[in-house]
Amino acid sequence: MEQFIKKKIIQVKKGDQSAFSDVVAFYQDKIYQHCYRMLGNKHEAEDIAQEAFIRAYVNIDSFDENRKFSTWLYRIATNLTIDRMRKRKPDFHLDAEVKGTDGLDMYSQLASTERLPGEEVESRELQRYIHHEISQLPSKYRSIIMLRYLEEFSLKEISEILDVPLGTVKTRIHRGREALRKRLRHV
Amino acid sequence: MSCNEKYIKKIHDYLDGDISAEDESLLKRHLEDCEECQKHFHELNRTITLIRSAERMEAPDHFTENVMNNLPTEKKSMRYKRWFKRHPILVAAAIFFLLMIGSLSSTFNQGTDQLVVSTQEELVVDGDTVIVPEGVTVQGDVYVRNGDLLVLGTVNGNVTLFNGELLDAESQLEGGGLMASAGGVNGELETVDQTFEWIWYHVKNFFKGVFTF
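About the criteria used
- Residues numbered from 1 in each chain as written.
- Chains lettered and ligands numbered in written order.
- Predicted model: local features only at pLDDT ≥ 70, side-chain atom pairs only at ≥ 80, totals over all residues.
- Heavy atoms only, no water.
- Patch = residues over 30% accessible without salt bridge, like charges linked within 9 Å, V, L, I, M, F, W, Y side chains within 5 Å.
- Areas by Shrake-Rupley, 256 points an atom, 1.4 Å probe, with all protein chains shown as cover.
- Salt bridge = Lys/Arg side-chain N within 4 Å of Asp/Glu carboxyl O.
- Helix = DSSP H or I, 4+ residues; strand = E, 2+ residues; numbered from the N terminus.
- Axes fitted to C-alpha atoms, helices over the stretch in contact; angles between N-to-C directions.
- Parallel < 35°, antiparallel > 145°, perpendicular 65-115°, else oblique.
- Left-handed = near helix turned anticlockwise from the far one by under 90°.
- Contact = heavy atoms within 4.5 Å.
- Nonpolar A, V, L, I, M, F, W, Y, C, P; charged D, E, K, R; others polar.
- Pairing = 2+ DSSP bridges.

**Student:** Give a detailed account of a nonpolar patch on the surface, specifying residues and quantitative values.
**Tutor:** Taken together, the side chains of F96, F206, F207, V210 and F211 of chain B define a hydrophobic patch exposed on the protein surface, amounting to about 500 Å² of accessible area. Tracing the backbone shows F96 of chain B in helix α6 (residues 88-109).

**Student:** For the packing of helix α1 (residues 5-15) of chain B against helix α2 (residues 21-33) of chain B, give the residues involved together with the corresponding values.
**Tutor:** Residues and elements named next belong to chain B. Where α1 contacts α2, the axes come no closer than 10 Å and their chain directions differ by 120°. By the angle class used here, α1 and α2 are oblique. The way α1 lies across α2 gives a crossing that is left-handed. Contact residues: α1 offers Y7, K10, I11 and Y14, while α2 offers D23, E24, L26, L27, H30 and L31. Taken together, the residues of the contact of α1 with α2 sort by class into six nonpolar, one polar and three charged.

**Student:** Break down the sheet that holds strand β6 (residues 148-151) of chain B for me, citing the residues and quoting the values.
**Tutor:** Residues and elements named next belong to chain B. On the basis of which strands lie adjacent, the open sheet formed by three strands has the order β2-β3-β6 and mixed pairing. A single partner strand is all that each edge strand has here, and the edge strands are β2 (124-126) and β6. Within the sheet, the average angular offset between the axes of one strand and its neighbour, ignoring direction, is 25°. Bridge count between strand β3 (residues 129-132) and β6: four bridges; the pairing is parallel. By the bridge assignment for β6, V130 is matched with L149.

Everything listed here is a matter of coordinates, which is why it stays silent on function.
See below:
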């Protein structure tokens, strides 16, 4: 598959616009899903995912074919979602860090009294519940947990995608896992 | 979390595949003894399994189509640039051709209106007309530019005319009574009138020159 994408990218670089549709078709679900999990809103997710592909196309000349295309594409998509989140109304954000704490936010201050799934949850409902729990994580943990366990990137690739030092990625994935462990322990 | 933070850290390192063999066996031994840590470890493992089972989503219908319709059309300059990069030989040929035409037209434009005649002494110039007098034989090629040529005598060579024509000896000599035959040209006669032909003539000469080598 890597080879297929690589070939298509080279065609796009040569000016073959139609080759790009294969690239979009291949990554559309992943990128849309990523944006949706980051933004929690279908309309915005579609918007941003589209924008990500368009940016990738416009800047295709700056992409180095010897690197992994997915890393580059996710980086564009992630940056766009972060921009979009910043532009939202500066309401009170639960995932804003609480001053004087390191990486703690209002979520961690809330008692975990969220609804528990029924005992005979249907698996689809469970999946939705898990999705919901992930979406409740602060975005900096959420993005890493998603990239690691849903998109299966390595920690090093995540550090490239998010432009964050490897050590920080490790710290955040630890915290993200712990936070989810507490939330999902009763499932 | 009463148990040692150290081991929790090691569990995470283990989950990231970022643990030394030494630490790993240390952790394993600890997990066998410590129920608390074991529970923690299982919960984390289970969490990861649960995360992986989260709902998967598909992009909305016509997503690819929408993206493709919203792609900017390439700027024309970009398209040319790309084309140039891909056809260097054609570009070189085109530039060569342009330069050649440029230099030719500049020679063509030089002294556009002036009469230019090759240097044979026997040629007589009368206004805009060059005459090869009767009974005279001109040796070598005759070249006339921006003027007409009247041949009464003989030219032993090729005749080339630019922007001019070969005058009919008969009409010029009407008043002169019956004349025997007009002069002749013992060689090729070539008349070049227009810019295009002028260029063609030069290109032909150029290639003749190239191929004689």
